[in-house]
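# Results of the structural survey
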Amino acid sequence: MILFIDTANLKEIEDAADWGYVKGCTTNPSLIAKEGLKQKDVIAKITTLIDGPISAEVTAEDYEGMIEQGKELFAIDPKHIVIKLPMTNAGLKAAKTFKELGIPTNVTLCFSAAQALLAMEAGATYVSPFLGRLDDNGWEAIKLIEDIVTMKMNYGYDTKIIAASIRNTEHVQQCALAGSDIATIPYGVLKKLIKHPLTDDGLEQFRVAAAKTAALGK
Ligand code: E4P
């Protein structure tokens, strides 16, 4: 499963890019607003930090506005930019148009298998089911990923599944086991993926042992 970082914070993106296993970035209007910078400036900077797909979300709610805004965002860096569109009829219509124009899209705010089906039928490059927000409201989030994976296999859709709204490392493991193509993960959770107390214990044991060997001299 490919790992993306879900943030608009440049320091976090820089760190994650340096680890070598984070291959893309997703942003949304809330994440952009936290940074206190203009969306185009943030997105332009992100393109210098991550050599992979970078989702930039339109804020227009009508089809024409989405097309205009999407084209402007795509022009920032056609090699990396993916236009993020909402799960609305206008968003799905825009996904179809962008596909015809050769512009990749990510249909976001997906909370049901039926919605994912529509995004796949519209020809979206990516669809983003939101796990955390489902869990927060008492819905079974991983079942949604499993269902979308099944649907994708049943019909051979090309659309890639980005598991989003990830809250913890368990979510990441569950998404990988369910067969999600990608998970987009907040910085705090990404940092925890490599952690295990037995790894820390093992490192300490080896450190002590290596010091004993080193004390013997050459
Ligand atoms: C997805 O691309 C979204 O940016 C994100 O995962 C939303 O997560 P949240 O529920 O933590 O806001």
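Remember, it's a predicted structure, so these values are computed and weren't measured experimentally.

Pairing in this closed barrel of 8 strands is parallel, and the strands run 1-2-3-4-5-6-7-8 around the ring. Strand-to-strand twist across the sheet, computed as the mean angle between neighbouring axes with direction ignored, equals 30°. Summarising the sheet, strand 1 (residues 2-6) and strand 2 (residues 22-26) pair through 3 bridges and their orientation is parallel. Along strand 2, the bridge assignment pairs Asp6 with Thr26.

Our focus in this paragraph is the layout of surface pockets. A water-sized probe, rolled over the atoms, reveals where empty space remains. When its volume is computed, the largest pocket comes out at roughly 340 Å³. The wall of the largest pocket is formed by 23 residues, among which Asp6, Asn28, Leu31, Lys34 and Pro186 lie closest to the centre. Residue contributions to the lining of the largest pocket peak at 4 residues, all from helix 2 (residues 29-35). Here the lining of the largest pocket is built from residues that sort into 7 nonpolar, 9 polar and 7 charged.

Turning next to the site of the ligand. Taken together, the residues surrounding the ligand are Asp6, Thr26, Asn28, Lys84, Phe130, Arg133, Ala164, Ser165 and Arg167. The separation between an oxygen atom of the ligand and a polar side-chain atom of Asn28 is 2.7 Å. Arg133 is positioned with one of its side-chain polar atoms (N or O) 2.7 Å from an oxygen atom of the ligand. Protein contacts shield 85% of the accessible area of the ligand, which totals 340 Å² for the unbound molecule. A majority-of-atoms criterion places the ligand in the largest pocket.

Rules and cut-offs
- Residues numbered from 1 in each chain as written.
- Predicted model: local features only at pLDDT ≥ 70, side-chain atom pairs only at ≥ 80, totals over all residues.
- Heavy atoms only, no water.
- Pairing = 2+ DSSP bridges.
- Helix = DSSP H or I, 4+ residues; strand = E, 2+ residues; numbered from the N terminus.
- Axes fitted to C-alpha atoms, helices over the stretch in contact; angles between N-to-C directions.
- 1 Å grid on protein atoms, 1.4 Å probe; cavity = no way out; pocket = protein on both sides within 12 Å on 5 of 7 lines; lining within 4 Å.
- Points joined across faces, edges and corners; volume = space filled by probe spheres on them.
- Nonpolar A, V, L, I, M, F, W, Y, C, P; charged D, E, K, R; others polar.
- Near = heavy atom within 4 Å.
- Polar contact = N/O pair within 3.5 Å; in protein donor to acceptor, adjacent residues only side chain to side chain.
- Areas by Shrake-Rupley, 256 points an atom, 1.4 Å probe, with all protein chains shown as cover.
- Sits in = over half its atoms within 2 Å of the grid points.

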